[in-house]
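A structural walkthrough
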Amino acid sequence: MAIKFGRPIELRDAPKRQTALASPPLDLTIRPRRNRKAEWARRLVRENVLTTDDLIWPLFVVDGHNVRTPVASMPGVDRLSVDQAVRDAERAAKLNIPCIALFPYTEASLRDEQGSEALNPDNLVCQSVRAIKKEFPDIGVLCDVALDPFTSHGHDGLIEDGRILNDETVAVLVKQALVQAEAGCDIIAPSDMMDGRVGAIREALDAESFGDVQIMAYAAKYASAFYGPFRDAIGSAKTLTGDKRTYQMDSANSDEALREVELDIAEGADMVMVKPGMPYLDIVRRVKDTFAMPTFVYQVSGEYAMIAGAARNGWIDGERAMMESLVGFKRAGADGILTYFAPQAAEKLRERE
Ligand code: PBG
């Protein structure tokens, strides 16, 4: 389903002829508006550019064949059966989007306390990776590492007496990462926020001859209300017990993000990520300035829903809001963006070529 963005707003450059002035001109030498006088001039001095190379497109996969089920809280986003995920990978390849990310909607009957389905080499994610890589070997595939799509309680880790167990969870995440690498995944992206998982996964990947598999660490991931629609999409919204605040970060913190990022880099992360995006642009900037690492940002489901939902209602110009939000990430220092808008943005960028 395509997103409706409403009518484009016509913006014209300032009229060439000034109307009669009510008061005499100011005696100004420096007039910053000169550089904004026409589109060619604005293009010339533009500091940041968004390109298709910056985009990672997250897809949701579901069991079945020829299935595209709309996610109600994410207008324009569908859950896809594996064959349809391959079609979207084809769309990504044609649009020159460098990488896609995969998230599964796991049947309730396959979810358990331990998230065992995460370790099934034939689970939806692994099936999708194999199918996509077979047809489109040149597109990058990123897989999320965390247990929440697979657990009956919706948490990212193992639970005992209501506590999320760190080290026991890391041991399972290592196995999940190996299963995904075996399926052909290019980038392992741990999103669980357990301590020490990046180092443990790196060591295991290297020991099992997956030395080329990259790690993009969800390094500064905040406990956020903006993940709501994503949890609808993977079916964990209703089952989640409590919240994720004992492992995801407190939104009031900024120095702590630098410590988290520093640890993940020391443990072997090739790329780091800040998540969510728009409420955390200051974190993106600090991380980029401090570490000069390939820095990514996730424009999460709730951010997408706000823009796509308001656009659908005709309350904002969705296309312009989308592009403005994406270039905002570039301005904040991001090298790349995970965004559900990836195909629309790539189409828009192609028009400009
Ligand atoms: C799972 C995970 C989440 C997202 C990505 N990986 C949700 C969560 O932590 O609850 C959120 C993505 C989005 O909202 O678009 N650990």
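See the structure shown above.
These notes cover the structure that comes with them.

Conventions used here
- Residues numbered from 1 in each chain as written.
- Predicted model: local features only at pLDDT ≥ 70, side-chain atom pairs only at ≥ 80, totals over all residues.
- Heavy atoms only, no water.
- Buried < 20%, exposed > 50% of the residue type's maximum accessible area, 1.4 Å probe, protein only.
- Helix = DSSP H or I, 4+ residues; strand = E, 2+ residues; numbered from the N terminus.
- Pairing = 2+ DSSP bridges.
- Right-handed = clockwise from strand over helix to strand, strands pointing away.
- Near = heavy atom within 4 Å.
- Polar contact = N/O pair within 3.5 Å; in protein donor to acceptor, adjacent residues only side chain to side chain.
- Areas by Shrake-Rupley, 256 points an atom, 1.4 Å probe, with all protein chains shown as cover.
- Nonpolar A, V, L, I, M, F, W, Y, C, P; charged D, E, K, R; others polar.

1. Observations regarding the pairing of strand β11 (residues 295–299)
Within β11, 5 of the 5 residues are buried, which leaves the element mostly enclosed by the surrounding structure. What you see with β11 is no split at all: Thr295, Val297 and Gln299 on one side and Phe296 and Tyr298 on the other are buried throughout. Both strand β10 (residues 271–275) and β11 contribute to a ladder of 3 bridges, which runs parallel. Bridged to Val274 within β11 is Val297. A crossover links β10 with its parallel partner β11, the connecting element being helix α8 (residues 281–291), and its sense is right-handed.

2. Examining the site of the ligand
Taken together, 19 residues sit near the ligand, with Lys221, Lys244, Lys275, Ser301 and Tyr340 positioned nearest. Ser191 is positioned such that a nitrogen or oxygen atom in its side chain is 2.9 Å from a nitrogen atom of the ligand. Contact distances for the ligand include 2.8 Å between an oxygen atom and a side-chain N or O atom of Gln248. Here the ligand, which alone exposes 400 Å², has 100% of that area covered by the protein. Of all the elements in the fold, those that place two or more residues in the shell around the ligand are β9 (214–221) and α6 (228–233). When grouped by side-chain class, the residues that make up the shell around the ligand number 9 nonpolar, 3 polar and 7 charged.

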